[in-house]
Amino acid sequence: MAAIPALEFAEPNLISEIASEIRSTFLSHKTRSLQFRLVQLRKLYWGLKDNANAIETACKLDISKGVFETNLSELNFCTNTIIYDINNLEKWAKDENSPDVPIDMMVLRPKIRKDPLGAVLIIGPYNFPVNLLICPLAGAIAAGNTVVIKPSENAPNVAVVLQKVIEGYLDQSCYRVVQGAIPQSTALLEQKWDKIFYTGGATVGTIIAKKAAETLTPVTLELGGRNPAVVTRNADIRLAARRLLWGKVHNAGQVCISQNYTLIDKEVFDRFVLETRKAMKEYYPNGTRNTEDFGRIVNNRQWQRLKKMLDDSQGRILMGGDMDESDRYIEPTVIQVSSLTDSLIANESFGPLMPLLPVSNLDEAIRIANEVQATPLAMFPFGNKTETDRCLAEIRSGGASVNDGFMHGSLPTLAFGGVGESGQGAYRGKASFDCFTHARTITSTPGWAEFLMAVRYPPYKGKLKMLRRMELKPDFDREGRMKYSLVRYILSLGAASKRAGLLRYLVVLISALGLKQYFGM
Ligand SMILES: NC(=O)c1ccc[n+]([C@@H]2O[C@H](COP(=O)([O-])OP(=O)(O)OC[C@H]3O[C@@H](n4cnc5c(N)ncnc54)[C@H](O)[C@@H]3O)[C@@H](O)[C@H]2O)c1
Ligand SMILES: CC1=C(/C=C/C(C)=C/C=C/C(C)=C/C=C/C=C(C)/C=C/C=C(C)/C=C/C=C(\C)C=O)C(C)(C)CCC1
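Residues numbered from 1 in each chain as written. Chains lettered and ligands numbered in written order. Predicted model: local features only at pLDDT ≥ 70, side-chain atom pairs only at ≥ 80, totals over all residues. Heavy atoms only, no water.

Asker: Is there a simple way to explain the overall build of the protein chain in this structure?
Answerer: Looking only at helices and strands, the protein chain features 19 helices and 20 strands. If you line up the protein chain on its principal axes, its C-alpha atoms span 85 × 60 × 50 Å. Counting over 521 residues, the protein chain shows a buried share of 50%. Long-range contacts, defined as pairs at least 24 residues apart, comprise 70% of the intrachain contacts of the protein chain with a sequence gap of at least 6. A total accessible area of about 25,600 Å² is found for the protein chain, and carbon and sulfur atoms account for 57% of it. (Helix = DSSP H or I, 4+ residues; strand = E, 2+ residues; numbered from the N terminus. Buried < 20%, exposed > 50% of the residue type's maximum accessible area, 1.4 Å probe, protein only. Contact = heavy atoms within 4.5 Å. Areas by Shrake-Rupley, 256 points an atom, 1.4 Å probe, with all protein chains shown as cover.)

Written out as structure tokens, the structure is:
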């Protein structure tokens, strides 16, 4: 395979030209045709397939991702996403009948049309440099937008290969790549977009949200979080250890949705550590240093940041701890910490560090999780059903995996996104199409219905009575209690909803027919 050329940044003053070309293509309506979108998605699929070796090499060079992980969470994830989008596009793009239209307004035939938003900007991070650009891109294409993508300069080889794919396979008047760092991102943010989709840290997310607010541009922000795992004394400790270790070794822990810290019942603490050691030996019989199955930290700046976090910690290393800056290696490291202000709890590590904080009970775990961050990106409860349900009810998060590491974020068809500080908006599966679509309500009033519609026109004299008759009547009193009427009770056979009432009638009818048959009446 030919060597990957060096990344070249775009000339910042050419960026406005690219943005205006992308906008005028959108306004030419080229991307409205479903056939056009399908062809572009199919080409994107083949662009990735044909360049799979180059992508594997680039992931290896940028973030030392082994071939297996590159295929699992980058290539396959993207190609599966594209095929899923292709297979569902016609269904998603169809006009939808609006639900809950009152009978007197049905004549308007309300519809929800799926309009593309327009010209959109997608800015990606370094940690899943293919996945976190291509999956939103596929959603934006499916929804009929024109797109500029800005790959992370911190994964430069992937950035070059993706540019080759997009320039070689997609229509250049609709989809463009702008390479660069802060000057280019800043120039991009100076342009008017119909949506900005950003994945990365919260500091830059805030810059983007502020800039977008100036022009009332909608944003989707996929940010990080200090995600808690909770392990109670009733959890399967072996499973919890194996699964949470997976969450910290995949991509060398550089996963926004992996657990940042684990709150673990004192009673099972030692067993958890023992099981983590065992799992480690099983996953890496010859250690993590000399295997393709364990990656490296993306660059020296991030390696230094992680080292400082560990150096600043008051915790005690229980497993691992080996580090080498020359190849940006950090061994998966388990640390027992004792305070919420510990550097390993107070910050997002985004690396293979596993701080464990012993707690007395579930109440304490829930209190701590809420104190560390009210709205993390993910949460991982391990315990019995009552306990995991309590965690789900009492700790908020963008998503959650019960009894596992980040599996809820491992399926390309499930909506994925943060809440509060960990982001806003969601994508993946149908949510990706919706993320780049405007749900446009359309009514069409037929000419013949004029006599029905005339009530709205002045003069209003004598029309108030009719308006009052059209008003819905409440079935609740001033205290918020439901009012029960005997007629309603009889009509619904005592059911709470119309649907349940119908079902009851159906059961009665079928039983009556059955009895009739049985007794030959
Ligand atoms: N929620 C998610 O899906 C998700 C996924 C991956 C990473 N993350 C989060 O991202 C963080 C790590 O990534 P990162 O942000 O360091 O990645 P990064 O350094 O790759 O930066 C992300 C993008 O922001 C751009 N950027 C940097 N400064 C900018 C500026 N001033 N204006 C506009 N754009 C700018 C970069 O060029 C890059 O394209 C972690 O907090 C992680 O949790 C979140
Ligand atoms: C179905 C059949 C079988 C069963 C197969 C099974 C059970 C397969 C299980 C597969 C698993 C556990 C796959 C795990 C995949 C993990 C992935 C893709 C992780 C992705 C991570 C991502 C995208 C991370 C994102 C990060 C972000 C957003 C932030 O940084 C058989 C085999 C039993 C029989 C045949 C049928």
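Asker: I'm lost on the site of ligand 1 in this one. Help?
Answerer: In the vicinity of ligand 1 lie 28 residues, with Lys150, Ser152, Glu153, Leu223 and Glu348 positioned nearest. Note that an oxygen atom of ligand 1 is positioned 2.7 Å from one of the side-chain N or O atoms of Lys150. Measuring from a nitrogen atom of ligand 1, one finds a backbone N or O atom of Glu222 at 3.3 Å. Surface burial for ligand 1 is 91%, taken as the share of its 850 Å² of free accessible area covered by protein chains. Secondary structure elements with two or more residues in the shell around ligand 1: helix H7 (182-190), strand E6 (195-199) and helix H8 (202-214). (Near = heavy atom within 4 Å. Polar contact = N/O pair within 3.5 Å; in protein donor to acceptor, adjacent residues only side chain to side chain.)

Asker: Just to check I follow, could you spell out the sheet that holds strand E5 (residues 175-177) for this structure?
Answerer: The strands that make up a sheet pair up through hydrogen bonds in the backbone, lying either parallel or antiparallel. Here 6 strands make up an open sheet; going across it, the order is E5-E4-E3-E6-E7-E18 and the pairing mixed. The sheet is open, and its two borders are formed by E5 and strand E18 (423-424), each paired with just one other strand. In this structure, E6 lies alongside strand E7 (residues 219-222), joined through 4 bridges in parallel fashion. Looking at the pairing, Thr199 lines up with Glu222 of E7. (Pairing = 2+ DSSP bridges.)

Asker: How should the UniProt feature "domain: Aldehyde dehydrogenase" (unreviewed entry) in the protein chain be read in this particular structure?
Answerer: Feature annotation in UniProt assigns "domain: Aldehyde dehydrogenase" (unreviewed entry) to the following positions: residues 18-442. Taken end to end, residues 18-442 is 44% helix and 18% strand, and its first and last C-alpha atoms sit 33 Å apart. (UniProt positions renumbered as here; feature names shortened; annotations may be inferred.)

Asker: For this particular structure, what's the right way to read the packing of helix H3 (residues 52-63) against helix H6 (residues 156-169)?
Answerer: For any two helices packed against each other, one specifies the inter-axial angle together with the distance between the axes. Following both chains from N to C, one finds H3 and H6 inclined at 160°, their axes separated by 7 Å at the closest point. As judged from the angle between their axes, H3 and H6 are roughly antiparallel. Between H3, through Ala54, Ile55, Ala58, Cys59, Leu61 and Asp62, and H6, the contact on the second element is made entirely by Pro156, Asn157, Val158 and Val161. Split into classes, the residues belonging to the contact of H3 with H6 amount to 8 nonpolar, 1 polar and 1 charged. (Axes fitted to C-alpha atoms, helices over the stretch in contact; angles between N-to-C directions. Parallel < 35°, antiparallel > 145°, perpendicular 65-115°, else oblique. Nonpolar A, V, L, I, M, F, W, Y, C, P; charged D, E, K, R; others polar.)

Asker: Even after reading the chapter, I still don't get the pairing of strand E9 (residues 261-265), so can you show me in this structure?
Answerer: Along any regular strand the residues' side chains alternate between the sheet's two faces. The buried count for E9 comes to 5 of 5 residues, which makes it a mostly enclosed element. Residues Tyr261, Leu263 and Asp265 point to one face of E9 and Thr262 and Ile264 to the other, with burial holding for every one of them. Here strand E8 (residues 228-231) pairs with E9 via 4 bridges, running parallel. Within E9, the residue paired with Ala229 across the bridge is Thr262. With helix H9 (residues 237-249) bridging E8 and the parallel E9, this β-α-β connection has right-handed handedness. (Right-handed = clockwise from strand over helix to strand, strands pointing away.)

Asker: What am I meant to see in the pattern of salt bridges here?
Answerer: Pairing is possible between side chains of opposite charge, provided their charged atoms come close. Under the definition given, this model contains 27 salt bridges. Note that Glu214 is salt-bridged to Lys211, the shortest N-O span being 3.1 Å. Of this pair, Glu214 and Lys211 both sit in helix H8, 3 residues apart, which is roughly one turn of that helix. A cluster of three or more residues bridged by salt bridges with shared partners is formed by Arg289, Arg296, Asp324 and Asp327. (Salt bridge = Lys/Arg side-chain N within 4 Å of Asp/Glu carboxyl O.)

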